[in-house]
Amino acid sequence: MVNRAAVVVAVVLAMVAAGPAAARAAEPVRVGTVVAVTGMVQVGRDGAWQPVQAQQSLFEGQTLRTGEAASAEVLFDGETPARLGEKAEIAVEDLLLMAQLEKVKARIAAPKDDLKAEIQVTPLTGVRGTEKTEEKAGDLKREHYWNENAPAAK
């Protein structure tokens, strides 16, 4: 017969040896919050689904799904927003990755400030002894150079 006290002591020693990191690893990691829900939105893990409410936390390993004419707005930790439209199902980690990619794309596309620099390049070529004329039409300026003694272009 197995001594129950010995089993309990062995389990406690194993937990102490693993330390608090092992206990935390077993707990799901919070990654964000559902900030708005429209229609039927559910969160699930391992096939068990439950309705989502606004201000509900989301954790790694969960999946979000929406029904017809439903949507959910999520704010992930780090101020990364995401929106899930109707008739969708996605893992929370995948939704976070998509939101992070969209945030990076928006940051790359947006100018750092509202100032726009306009660069106008006017190619200038010339040979000693050439003459120059200018044509102006509004903001455009065209410069022509020529050398009457140069051979004609082929």
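Look up: the structure comes first, before these words.
Notes on the structure in this doc start here.

Some details on the pairing of strand β6 (residues 71–76)
Where strand β1 (residues 30–38) and β6 come together, 6 bridges link them in antiparallel fashion. Each bridged residue has a counterpart across the sheet, and for valine 34 the counterpart in β6 is valine 74. Strand direction decides the pairing type here: β6 and strand β7 (residues 80–84), joined by 5 bridges, are antiparallel. What sits directly across from glutamate 73, in β7, is arginine 83. Counted along the chain from β6 to the antiparallel partner β7, the turn is 3 residues long, and its residue glycine 78 has a positive phi close to 95°.

Things to note about the sheet that holds strand β4 (residues 56–59)
Ordered by their spatial adjacency, 4 strands build an open sheet running β4-β1-β6-β7, and the pairing between neighbours is antiparallel. The open sheet terminates on both sides in strands that have one partner only, identified here as β4 and β7. Sheet twist, expressed as the mean angle between neighbouring strand axes with direction ignored, is 30°.

Conventions and cut-offs
- Residues numbered from 1 in each chain as written.
- Predicted model: local features only at pLDDT ≥ 70, side-chain atom pairs only at ≥ 80, totals over all residues.
- Heavy atoms only, no water.
- Pairing = 2+ DSSP bridges.
- Helix = DSSP H or I, 4+ residues; strand = E, 2+ residues; numbered from the N terminus.
- Axes fitted to C-alpha atoms, helices over the stretch in contact; angles between N-to-C directions.

In short, shape yes, function no, at least from these values alone.
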